[in-house]
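# Observations on the three-dimensional arrangement
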Amino acid sequence: MRGIGLVGCGYITTLLRQGLRDAGGNLVATCDLNEENGKQVAAEFGAKYYKDYDEFLANKEIEAVIIAVPNYLHFQFASKAVEAGKMVFCEKPMTTNINDSLELVKLVQTHGKLFQVGYMKRFHPAFGQIKSKLASVGPILGATIKLFMATSARPDGKVDASKATWHSIPEKSGGGFLVHSASHSLDLMLYTFGIPKQLWGNVILDKAGNEYNINSFFLMPEGYFVHLQMAIVLVPRVGYQNTFWEETVEVIADKAIIRAEGSDWQGMLAPRLSIREHGKETSEIIQENAMSQWSGEFNAFLDGIAKNQCLGSSVIDGYRVDQIIDTMKTLTADQKIIDLNFLY
Ligand SMILES: NC(=O)c1ccc[n+]([C@@H]2O[C@H](COP(=O)([O-])OP(=O)(O)OC[C@H]3O[C@@H](n4cnc5c(N)ncnc54)[C@H](O)[C@@H]3O)[C@@H](O)[C@H]2O)c1
């Protein structure tokens, strides 16, 4: 079985590890500066632990590398892995800098190896069903993607860098809500509806200069709009299960209204899908196991390794998301319509 190495054994890897296990992945090595994290995950899989990334990459048993280090290290770690001839699964966002993103696209194209970005919502059962339904209920008249996160700790510009994790330091994370969370929604939009033609919107920044309130309209080639509304809100009981996270994709099509709700940040509670279809008396409500988005992305990765072909979010998808983020960061209240014909 193909050997997989994991670099960065922190918080998110609880889900990545479960997803990899479900998909039948063979983890042979871990790497982490934090020995406790790295060794603990290595022990779980009977894998070898490395502190040094170069030594880890030199292990010939490792054919593919999962990169789950902080965002600002993605480019450096991913480029090294690609140059070492490894296939790569890189957590989102692909990089924290648009120039690095393009460099990575070129590097992956030169080396011709599989590169997948960790936008797992493509494999979210409810969102996946929306995409598969669209062909039979169209044409699409309009769509909305909403993402609200409730927190009483909206950054106010007074982050104590000595206590903050890299997540809340923009130089390390790449930005605010747009980068951390809304990047998932942007990938979902590209996956579900395709590449938009134009953008109009407004992104409001907090005192620290990070995005927290995002309103935008994307014009699709067919003539309908996708409205993206995403914000950190100071509201309790957000989400249909009253967790702090609400995520909705709603499509109004000629013959159906389809609405999918993810229920919390990690989507670990059952997502809910409702379909009201022309000619059907009752609406269909479907709930499925949410863990399948993590196993789904690793099933795709392992299949991709066998075929050397990306079956998830590709390096180009990752770059397009980064291009849109880079553009959206400039949106102000008096923004004119922006042509998106520069999207890769
Ligand atoms: N897909 C998702 O929904 C999702 C959710 C959360 C986080 N993420 C992404 O996962 C990645 C990790 O996030 P996290 O929350 O687990 O962070 P974390 O800080 O909990 O874990 C990062 C790990 O990387 C290790 N590390 C740091 N520098 C290193 C280096 N130079 N060499 C080796 N190891 C090093 C740290 O010791 C730590 O164990 C980020 O890219 C983040 O954006 C994705």
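The structure presented is a predicted model; accordingly, all values stated were derived computationally and were not measured.

## Overview of the overall build of the protein
- Of the regular secondary structure elements, the protein holds 10 helices and 16 strands.
- In terms of overall size, the protein behaves like a compact globule, its C-alpha atoms giving a radius of gyration of 20 Å where 344 residues would be expected to give roughly 20 Å.
- With respect to the three principal axes, the spread of C-alpha positions in the protein is 55 × 45 × 40 Å.
- By sequence separation, contacts in the protein at least 24 residues apart represent 65% of the contacts at least 6 residues apart.
- By element, 51% of the accessible surface of the protein is carried by carbon and sulfur atoms, the whole surface being about 15000 Å².

## Notes on the side chain of N59
- Mapped onto the fold, N59 is located in the loop between α3 (53-57) and β4 (62-67).
- N59 gets classed as buried once you look at its relative accessible area, which sits at 11%.
- In this structure N59 touches A29, Y50 and K86, once residues within four positions along its chain are discounted.

## Points about the sheet that holds strand β2 (residues 26-31)
- The strand order across the open sheet formed by 7 strands is β3-β2-β1-β4-β5-β6-β15, and the pairing between neighbours is mixed. One side of each edge strand has no neighbouring strand; the edge strands of this open sheet are β3 (48-50) and β15 (313-314).
- Of the strand pairs in this sheet, β4 and strand β5 (residues 87-90) are connected by 4 bridges, and their pairing is parallel. Across the sheet, residue V65 finds its bridge partner in β5, namely V88.
- Packing of helix α9 (residues 292-307) onto the sheet brings it into contact with β1 (3-7), β4, β5 and β6 (115-117), and relative to β5 it is tilted by some 165°.

## Brief notes about helix α5 (residues 98-111)
- Given a rise of 1.5 Å per residue, 14 residues ought to cover 20 Å, and the 20 Å separating the end C-alpha atoms of α5 matches this to within 8%.
- In the core, the buried residues of α5 are packed alongside α4 (74-83), β6 and α10 (315-328).
- Among the residues trailing α5, G112 stands out with phi positive, at a value near 65°.

## With respect to the site of the ligand
- As a structural note, the neighbourhood of the ligand is formed by 25 residues, with D32, N37, N71, H74 and H167 the closest of them.
- Contacts to the ligand include E91, whose side-chain N or O atom sits 3.2 Å from a nitrogen atom.
- The contact in question runs from an oxygen atom of the ligand to an N or O atom on the side chain of W166, over 2.8 Å.
- Residues of the shell around the ligand, tallied by class, amount to 13 nonpolar, 9 polar and 3 charged.
- When residues are assigned to domains, the shell around the ligand turns out to be shared by domain 1 (3-119 + 295-313) and domain 2 (121-290 + 324-339), each giving three or more.

## A closer look at the pattern of salt bridges
- Applying the stated criterion to the full structure yields 14 salt bridges.
- With a shortest N-O distance of 3.3 Å, D317 and R122 are connected by a salt bridge. Here D317 is found in helix α10, whereas its partner R122 is found in the loop between β6 and α6 (125-137), with 195 residues between them in sequence.
- The exposure class assigned to D317 is buried, which follows from its relative accessible area of 12%.
- Judged by relative accessible area, R122 falls into the buried class, the value being 10%.
- It is possible to trace a salt-bridge network through shared partners that takes in R122, D187, D317 and R320.

## Some details on the domain arrangement of the protein
- Domain assignment breaks the protein into domain 1 (3-119 + 295-313) and domain 2 (121-290 + 324-339).
- The distance between the C-alpha centroids of domain 1 and domain 2 comes to 26 Å.
- Roughly 1500 Å² of surface becomes buried between domain 1 and domain 2 when both sides are summed, with 64% attributable to carbon and sulfur atoms.
- There are 0 salt bridges connecting domain 1 and domain 2.
- When residues in the side of domain 1 that touches domain 2 are grouped by element, the largest group, 3 residues, is from α9.
- Class assignment for the residues of the side of domain 1 that touches domain 2 results in 10 nonpolar, 7 polar and 2 charged.

## A closer look at the packing of helix α8 (residues 177-193) against α10
- For the pair α8 and α10, the least separation of the axes is 9 Å and the interaxial angle reads 120°. Accordingly, the angle class assigned to the pair α8 and α10 is oblique. With respect to the hand of their crossing, α8 and α10 are arranged in right-handed fashion. For the pair formed by α8 and α10, the contact residues are L178, V179, S183, L186, D187, M189 and L190 on the first element and D317, R320, V321, I324, I325 and M328 on the second.

## Things to note about a nonpolar patch on the surface
- A surface patch of nonpolar side chains, about 410 Å² in accessible area, is lined by W200, F217, F225 and I337.
- Within the fold, F225 resides in strand β10 (residues 225-233).

## As for the state of the cysteines
- In this structure the tally under the stated criterion is 0 disulfides.
- The thiol of C90 is unpaired, and the distance to the nearest cysteine sulfur, on C310, comes to 12 Å.
- Residue C310 is classed as partly exposed on the basis of its relative accessible area, which comes to 25%.

Criteria and thresholds
- Residues numbered from 1 in each chain as written.
- Predicted model: local features only at pLDDT ≥ 70, side-chain atom pairs only at ≥ 80, totals over all residues.
- Heavy atoms only, no water.
- Helix = DSSP H or I, 4+ residues; strand = E, 2+ residues; numbered from the N terminus.
- Rg over C-alpha atoms; globule rule 2.2 N^0.38 Å.
- Contact = heavy atoms within 4.5 Å.
- Areas by Shrake-Rupley, 256 points an atom, 1.4 Å probe, with all protein chains shown as cover.
- Buried < 20%, exposed > 50% of the residue type's maximum accessible area, 1.4 Å probe, protein only.
- Pairing = 2+ DSSP bridges.
- Axes fitted to C-alpha atoms, helices over the stretch in contact; angles between N-to-C directions.
- Expected span 1.5 Å × (residues − 1).
- Near = heavy atom within 4 Å.
- Polar contact = N/O pair within 3.5 Å; in protein donor to acceptor, adjacent residues only side chain to side chain.
- Nonpolar A, V, L, I, M, F, W, Y, C, P; charged D, E, K, R; others polar.
- Domains from an automatic or database assignment.
- Salt bridge = Lys/Arg side-chain N within 4 Å of Asp/Glu carboxyl O.
- Buried area = accessible area lost by both parts, 1.4 Å probe.
- Parallel < 35°, antiparallel > 145°, perpendicular 65-115°, else oblique.
- Left-handed = near helix turned anticlockwise from the far one by under 90°.
- Patch = residues over 30% accessible without salt bridge, like charges linked within 9 Å, V, L, I, M, F, W, Y side chains within 5 Å.
- Disulfide = S-S within 2.5 Å.

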